[in-house]
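Descriptive structure summary
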Amino acid sequence: MKNRERSLTIETPEGVVFSYQLATPVTRSLAWAVDAAAIGVASSIAAKVSQAAGLLSPDLANALAIALYFVISIAYGIVLEWRWRGQTLGKRLLGLRVVDAQGLRLQLPQIALRNLLRVLDMLPLLYLVGGIAALVSRKGQRLGDLAANTVVAHERMWLTPDLEQIAPARYNSLLAWPHLAARLRSLASPEAVGMAVEALARRDGYDPAARVELFGELAAYFRSLVEFPEAALEGLTDEQYVRSALRVIYGGAGSASGITVGSHARLTPAK
C-alpha cells in the first residue's frame, strides 16, 4: 500500500503555491452519508410520482422508479458540484470541496466524469471498490477522481484581510454598477481571491516584470467574469483593478466576516 499524502502542494510558474489538506476516507464517508440521505429523500418523492404509472402497469411503475433513482443519484452530484464549485450538500456540511489535482479551475466534464464513474466505485456495495481505491491511492482518490484528475480537500477559512493595507479606501468605480459588482462577488473563485490578497500583500517583494505579469493575469481573470463598462475601467492599471475587485468581493469597505476558500495560497518572491 502506498503512503497516503495528507496534503497536495501545487506551485504555479508565477511562484504561487497552493496547499490543500486532503480529505480522509472517514470525512468523505460522512459526507457521502449525508448525500445518500438527500438522494434517498428525492428518490422517495420521485417514486411516489412514478406510482401514477402504476395505473397503466405496475411493472412500468417499478422500472420508472428505478430509472429515476439512478438519474437522481448521478444528476445530484453533477448539478450541485457544478453550481456550488465542487460541493454537494454533504461536502458543504463537512467542509469539503472537489478541486482539480493540478490546481486548475474545475471543469464541468471533470465533474460529470467523476460522478458517472460513481457507479463503478459503488460496486459491489457500499462503495467497496471506491473505498479500496481511496485507501491505496496516494491522494485518497476513488476511481472517479483518478479518471477526472480531481481530489477532495478540506476548506479553509480566510479572515477578511486588512484592506486598508493592501487596497486603501479610495473611490471605487466598480461599485457604481451594483448589479455587476454583486455578480463579480458571486462568481470569483476562492482560489483566485486568495491569490489576489497574497499578491497585494507581497507586491513589493516581486521583481517589477513579474509583478506586472502576475497582476495582469489576475486582472484578466476578474475581467473575464464580469464585463464592466469602459467608464468604470478608465485609468485603472491592472493592479488597481485587482484592488477594486477585492473591495467589491469583500463587500466594499470590508468587514470582520470571513471568506471560505478551497485552499490556502502563499506566494514566494519571484527571482
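Anything mentioned here points back to the structure above.
Residues numbered from 1 in each chain as written. Predicted model: local features only at pLDDT ≥ 70, side-chain atom pairs only at ≥ 80, totals over all residues. Heavy atoms only, no water.

**With respect to the packing of helix α2 (residues 58–83) against helix α4 (residues 108–116)**
Two numbers describe how α2 lies on α4: the axes approach to 9 Å, and their chain directions differ by 155°. The angle between α2 and α4 places the two elements in the roughly antiparallel class. The two elements α2 and α4 meet at a crossing, and its hand is right-handed. Every residue of α4 that contacts α2 at I74, G77, I78, E81 and W82 is listed here: L108, I111, A112, R114, N115 and L116. By residue class, the composition of the contact of α2 with α4 is seven nonpolar, two polar and two charged. (Axes fitted to C-alpha atoms, helices over the stretch in contact; angles between N-to-C directions. Helix = DSSP H or I, 4+ residues; strand = E, 2+ residues; numbered from the N terminus. Parallel < 35°, antiparallel > 145°, perpendicular 65-115°, else oblique. Left-handed = near helix turned anticlockwise from the far one by under 90°. Contact = heavy atoms within 4.5 Å. Nonpolar A, V, L, I, M, F, W, Y, C, P; charged D, E, K, R; others polar.)

**Concerning the pattern of salt bridges**
Counted by the stated rule, this structure contains 12 salt bridges. The salt bridge partner of E239 is R243, with a shortest N-O separation of 3.2 Å. Of this pair, E239 and R243 both sit in helix α13 (residues 238–249), four residues apart, which is roughly one turn of the helix. Of the residues examined, E239 reaches a relative accessible area of 13% and is grouped as buried. (Salt bridge = Lys/Arg side-chain N within 4 Å of Asp/Glu carboxyl O. Buried < 20%, exposed > 50% of the residue type's maximum accessible area, 1.4 Å probe, protein only.)

**Comments concerning α13**
With 12 residues, α13 should cover 16 Å at 1.5 Å per step; its first-to-last C-alpha distance of 16 Å lies within 8% of that length. Taken across its 12 residues, α13 has 10 buried, putting it largely inside the fold. Every buried residue of α13 is listed here: E239, Y241, V242, R243, S244, A245, L246, R247, V248 and I249. (Expected span 1.5 Å × (residues − 1).)

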